Amino acid sequence: MIPTEADLTEAVYRAAGAAVSDLFREYPEHDFYYCALVTPGEAFGPSLSAWSTQALAAASGGSATEADMLRWSYADSPFCTYGERHLAPIRSLFDARPQVFELPDDEAEAEFELRLRAMVAAMARLDAEGLFGHGEQRLSLVAVVEVPGDEGENAARASALNPPAAAAAYVAENSPASPL
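Note that the structure is predicted; figures quoted are calculated from it, not measured. (Residues numbered from 1 in each chain as written. Predicted model: local features only at pLDDT ≥ 70, side-chain atom pairs only at ≥ 80, totals over all residues. Heavy atoms only, no water.)

Engineer: I tried to follow the overall build of the protein chain on my own but got confused; where do I start?
Structural biologist: Looking only at helices and strands, the protein chain features nine helices and three strands. Scanning the protein chain from its N terminus toward the C terminus, one meets helices and strands in the order α-β-β-α-α-α-α-α-α-β-α-α. Taking 16 Å as the expected radius of gyration for a compact globule of 180 residues, we find that the protein chain reaches 16 Å, a close match to that expectation. Once the C-alpha set of the protein chain is aligned to its principal axes, its extents read approximately 50 × 45 × 30 Å. Put simply, 65% of the contacts in the protein chain that link residues at least 6 apart link residues at least 24 apart. (Helix = DSSP H or I, 4+ residues; strand = E, 2+ residues; numbered from the N terminus. Rg over C-alpha atoms; globule rule 2.2 N^0.38 Å. Contact = heavy atoms within 4.5 Å.)

Listed below in structure tokens is the structure:
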């Protein structure tokens, strides 16, 4: 049986919730400002990546230029693929659906969007439950579903998932440049 969008949403919700909870529990001294579910252009099951101010300071060696380059880089984060024990098992559900690049263009786009909607819905549910914080604390963390190389859409998803103050820096730095 092919998993439905609701099946994917529930699986991502449970797996991402467990992975993010483990991350926050294991690193209580870190101030996390970025938490992303990342999926490639095929929209396979996601991986988790995150950055904290402490990890960014360590990775950049105190260089503001280096920090600017690393700030939103899921791949350069020391927390990239954190929580795989939770997320890896759900990839079989994504594999059980039609593969994006094996479908005609219109069907591929619909499948891709269905998968992203499931991931976004899962993150929105986790946010509604307070996983990313409450009040002022929530405003210091941007939660996002990312597809590498798709900055404009990533920024749009960040805007939809977060309070404006939480998403502002991410959106400003990941939106396509406006024409002059």
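The discussion continues.
Engineer: What's the story with the layout of surface pockets in this structure? I'm lost.
Structural biologist: Taking a probe equal in size to a water molecule and rolling it over the atoms shows the remaining empty space. Each pocket or cavity is described by its volume, and for the largest pocket that value is around 170 Å³. In terms of lining residues, the largest pocket is bounded by Phe24, Tyr27, Pro28, His30, Asp31, Phe32, Leu131, Phe132, Gly133, Gln137, Ser140 and Leu141. Here the residues of the lining of the largest pocket sort into seven nonpolar, four polar and one charged. (1 Å grid on protein atoms, 1.4 Å probe; cavity = no way out; pocket = protein on both sides within 12 Å on 5 of 7 lines; lining within 4 Å. Points joined across faces, edges and corners; volume = space filled by probe spheres on them. Nonpolar A, V, L, I, M, F, W, Y, C, P; charged D, E, K, R; others polar.)

Engineer: Explain the sheet that holds strand S1 (residues 32-38) to me, please; I cannot follow it from the model alone.
Structural biologist: Across a sheet, paired strands are connected by hydrogen bonds in the backbone, their directions being either parallel or antiparallel. Read across the sheet, three strands follow the order S2-S1-S3 without closing on themselves; strand pairing throughout is mixed. Edge positions in the sheet fall to strand S2 (47-52) and strand S3 (142-146), since each has one partner strand and no second. Averaged over all neighbouring strand pairs, the angle between strand axes comes to 20°, with direction disregarded. Here six bridges tie S1 to S2, and the two strands are oriented antiparallel to one another. Looking at the pairing, Cys35 lines up with Ala50 of S2. The strands that helix H2 (residues 53-60) touches are S1 and S2; relative to S2, the one it contacts most, it runs at about 80°. Against the sheet, helix H9 (residues 164-174) makes contact with S1 and S3, and its axis sits at roughly 50° relative to S3, the strand it touches most. (Pairing = 2+ DSSP bridges. Axes fitted to C-alpha atoms, helices over the stretch in contact; angles between N-to-C directions.)

Engineer: Whenever I open this one, the packing of aromatic side chains confuses me. Can you help?
Structural biologist: The relation between two aromatic rings is expressed through the spacing of the ring centres and the mutual angle of the planes. Applying the stated criterion across every chain, the model contains eight aromatic pairs. Aromatic pair Phe24 and Phe32: ring centres 5.4 Å apart, planes at 40°, arrangement tilted. Residue classification places Phe32 among the buried positions, given a relative accessible area of 9%. Clustering of aromatic rings is evident, with ring pairs tying together Phe24, Tyr27, Phe32, Phe79 and Tyr82. Cation over ring: Arg125 sits above Tyr13, and NZ or CZ is 3.5 Å from the ring centre. (Phe/Tyr/Trp six-rings, centres within 6.5 Å; stacked < 30°, edge-to-face > 60°. Buried < 20%, exposed > 50% of the residue type's maximum accessible area, 1.4 Å probe, protein only. Lys NZ or Arg CZ within 6 Å of the ring centre and 35° of its normal.)

Engineer: Any chance you could explain the packing of helix H1 (residues 5-26) against helix H6 (residues 105-128) here in plain terms?
Structural biologist: The packing of two helices is summarised by the inter-axis angle and the distance between the axes. The N-to-C vectors of H1 and H6 enclose an angle of 45°; their axes lie 8 Å apart at closest approach. With respect to their mutual orientation, H1 and H6 come out oblique. In this structure, the crossing between H1 and H6 has a hand that is right-handed. On H6, the residues touching Glu5, Leu8, Thr9, Glu10, Val12, Tyr13, Ala16 and Gly17 of H1 are Leu114, Arg115, Arg117, Ala118, Met119, Ala121, Ala122, Arg125 and Leu126. (Parallel < 35°, antiparallel > 145°, perpendicular 65-115°, else oblique. Left-handed = near helix turned anticlockwise from the far one by under 90°.)

In short, shape yes, function no, at least from these values alone.
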